[in-house]
Amino acid sequence: MHSTAQGIVQPTTIIEAPRQSKHLGINLILASETFQHTGSFKFRAAYSVASRVPEALLITASSGNFGQALAYACSLLKKSCIVVMPITSAKVKIEAVREYGAQVELLDVAAKSRAERVAELSKQYPEAYVASAYDDAHVVLGNSSLGKELSQLKPVPDVVVVPVGGGGLSSGVIVGIEHARKKIQVIGAEPLLGNDAARSLKAGQIVRNEREPQTIADGARTISLGEHNWKILKRGLKRIVEVPEEKIAEAVSLLFHLANLKAEPTGALSVAAVMTKPELFQDRLVCCVISGGNVDPAVYAQLILR
């Protein structure tokens, strides 16, 4: 393995899905991060963090994808990590974090927040670097590599639709596109049940959820956007489409049946946004980012056998 992120991060997989385009009546391509190391875009961010900080121990809180990604990145770099995970996390994600060699701390988020537990661990291990899954300049830099790749597509898409949780991916994609100096609109896709980013854009400041929203899109169960991400999103995000749960489920099924792609619910948010507001995407070349594919088999079976 090379020591540079460029040599380690897998390029995104571009899928032309003519059946899906025809079904939706939209000219659509998919940029799938489901084949990225650890099954989601989070590896771009995690490797960027783990390779740039001097600390040998990293602590993070994650519902799964960032935890897996950081665990694998740390194993490649001969570092250690502790991952705080909600007890409601997908079983497949908890197992994967452990398999990649991290120490998992399971947490009942109704009793104590992820941030509180991370703060306790940080006191216990003062030599550790506390890594946010999204609110970190290294994370944005790592994710900007995807924006750069999408800018190099030919033909260049008119619009890129990106799932929004804490804003790490969407802000990174915006930065990558800005650096490439391409005129590509970026539209966010967020669960209606956890629509703090949409409310933040309307309010002109960060608006927080009172508790973790229990959307099926577990990667978007965030309390709020990160500060680093907000500064970028407020200038670079054209708008956010708020997606009902039913549409997220439908998009997972559609990706399986019409694009032969296994996406987790959070990963399918971009396609679900197109299904929710098709009028925004007519007569344009639309690139939907499928952010990850780590989903419990039982949950997935239920979604595709609807």
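Rules of the game
- Residues numbered from 1 in each chain as written.
- Predicted model: local features only at pLDDT ≥ 70, side-chain atom pairs only at ≥ 80, totals over all residues.
- Heavy atoms only, no water.
- Helix = DSSP H or I, 4+ residues; strand = E, 2+ residues; numbered from the N terminus.
- Polar contact = N/O pair within 3.5 Å; in protein donor to acceptor, adjacent residues only side chain to side chain.
- Contact = heavy atoms within 4.5 Å.
- Salt bridge = Lys/Arg side-chain N within 4 Å of Asp/Glu carboxyl O.
- Buried < 20%, exposed > 50% of the residue type's maximum accessible area, 1.4 Å probe, protein only.

Following the sequence through the fold, T12 ends up in the loop between α1 (5–8) and β1 (13–16). A polar contact of 3.2 Å, which involves the side chain of T12, links it to the backbone oxygen of S32. If we skip the residues at most four places from it in the chain, T12 touches A31, S32, E33, R44, L146, E149 and L150.

Applying the stated criterion across every chain, the model contains 12 salt bridges. As a salt-bridge pair, K93 and E264 come within 3.0 Å of each other at their nearest N and O atoms. Taken together, the residues K93 in helix α5 (residues 91–99) and E264 in the loop between α11 (245–259) and α12 (269–276) connect sequence positions 171 residues apart. Residue classification places K93 among the buried positions, given a relative accessible area of 1%. In this structure E264 comes out as buried when scored by relative accessible area, which is 1%. Notably, a salt bridge pairs R117 with E105, separated by 2.9 Å at the nearest N-O pair. Of the two residues, R117 sits in helix α6 (residues 114–124) while E105 sits in strand β5 (residues 103–107), which places them 12 residues apart along the sequence. With respect to class, R117 is no different from E105; both count as buried. Ionic contacts of the salt-bridge type, sharing partners, join the residues E105, K112, R117 and E120 into one network.

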